[in-house]
Amino acid sequence: MDFYDVSMVDGSNLPMYINISHTTTVDPVSSSGCYKGVCTSDVDCPAAMRATSGGQVVGCEPPCAAFGGDTYCCRGAWAGRDHCVPAKWPVDYTQVFKRAAPYAYSYAFDDGATMPCKGACYYRVTFGTTGS
């Protein structure tokens, strides 16, 4: 049994998704990057989270890097799986990433984003979107 995931925990600069084939496991992500009716898209990054270089936007920072503090960095009273709950944050910025890639990790304890693969697992990683 393999386990795999796409992570945006440390931010995002390019959409991506993973497909599996030649296995007994049904691929949850379509060949065009869609998952549960939502297709992979570019991250619509709020201005306060935009990472720039030379005046150009080069990616989207995670809430911890963009805003700091115990809440968004899951430290202090917000530390650990039981306390780091984005729905309780002043703004749930993890949704910025979930809208673009609902199958991806959007914060450290987003364990529902781990995918299993049983049997002979072959992976295809696609960077970008297919336009679907």
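Owing to the predicted nature of the structure, the values given are computational and were not obtained by experimental measurement.

## Points about the environment of Phe-3
Here is step 1 of the chain: Relative to the elements of secondary structure, Phe-3 occurs in strand S1 (residues 2-4).
Here is step 2 of the chain: A relative accessible area of 60% means that Phe-3 is categorised as exposed.
Here is step 3 of the chain: When the C-alpha positions of Phe-3 and Cys-121 are compared, they lie 10.0 Å apart, and in sequence the two are 118 residues distant.
Here is step 4 of the chain: Those residues within four positions of Phe-3 in sequence are excluded, and the remaining contacts are Thr-114, Met-115 and Pro-116.

## A closer look at the pattern of salt bridges
Here is step 1 of the chain: Using the criterion set out here, one finds three salt bridges in the structure.
Here is step 2 of the chain: Asp-111 is the partner of Arg-81 in a salt bridge, and the nearest nitrogen-oxygen pair spans 2.2 Å. Of this pair, Arg-81 sits in the loop between helix H2 (69-73) and helix H3 (94-100) while Asp-111 sits in the loop between H3 and strand S7 (115-117), and the two are 30 residues apart along the sequence.
Here is step 3 of the chain: On the basis of relative accessibility, which here comes to 38%, the residue Asp-111 falls in the partly exposed class.
Here is step 4 of the chain: Note that Lys-98 is salt-bridged to Asp-110, the shortest N-O span being 2.8 Å. Placement of Lys-98 in helix H3 and of Asp-110 in the loop between H3 and S7 is noted, with a sequence separation of twelve residues between them. The same class applies to Lys-98 and to Asp-110, which are both buried.

## What about the environment of Thr-23?
Here is step 1 of the chain: Relative to the helices and strands, Thr-23 resides in the loop between strand S2 (16-21) and strand S3 (34-35).
Here is step 2 of the chain: Linking Thr-23 and Lys-118, residues 95 residues apart in sequence, is a C-alpha distance of 6.6 Å.
Here is step 3 of the chain: When sequence neighbours within four positions are dropped, the list of residues in contact with Thr-23 reads Cys-117, Lys-118, Gly-119, Ala-120 and Cys-121.
Here is step 4 of the chain: Here Thr-25 takes part through its backbone nitrogen, which lies 3.3 Å from a polar atom of the side chain of Thr-23.

## Observations concerning a nonpolar patch on the surface
Here is step 1 of the chain: Residues Leu-14, Val-125 and Phe-127 make up a contiguous nonpolar surface patch of roughly 290 Å² in combined accessible area.
Here is step 2 of the chain: Residue position: Val-125 is located in strand S8 (residues 122-127).

## What to know about the side chain of Asp-110
Here is step 1 of the chain: For Asp-110, a relative accessible area of 10% puts it in the buried group.
Here is step 2 of the chain: Of the polar contacts made by the side chain of Asp-110, one reaches the backbone nitrogen of Ser-106; its length is 3.0 Å.
Here is step 3 of the chain: Setting aside residues no more than four positions away along its own chain, Asp-110 makes contact with Lys-98, Ala-104 and Tyr-105.

Definitions and cut-offs
- Residue numbering note: each chain is counted from 1, following its sequence as written.
- Two thresholds apply to this predicted model, a pLDDT of at least 70 for residue-level local features and 80 or more for giving and counting side-chain atom pairs, whereas whole-chain, interface and lining totals are computed over all residues.
- Note: side-chain values were computed over all heavy atoms of the structure, leaving out hydrogens and water.
- Secondary structure elements are defined from DSSP: runs of H or I of at least 4 residues count as helices, runs of E of at least 2 residues count as strands, and each element is numbered from the N terminus.
- Each residue gets one of three labels from its accessible area relative to the maximum for its type: buried under 20%, exposed over 50%, partly exposed in between, using a 1.4 Å probe on protein chains only.
- We call two residues contacting when some pair of their heavy atoms lies within 4.5 Å.
- In the sections that follow, a salt bridge refers to a side-chain nitrogen of Lys or Arg positioned within 4 Å of a carboxyl oxygen of Asp or Glu.
- Any pair of nitrogen or oxygen atoms within 3.5 Å is treated as a polar contact; in protein, a donor-acceptor pairing is required on top of that, and neighbouring residues in sequence qualify only through side-chain atoms on both sides.
- Here the term patch refers to residues with relative accessible area over 30% and no salt bridge, with like charges joined within 9 Å and nonpolar side chains (Val, Leu, Ile, Met, Phe, Trp, Tyr) within 5 Å.
- What sets the accessible areas is the Shrake-Rupley method with a 1.4 Å probe; for residues, cover comes only from the shown protein chains.

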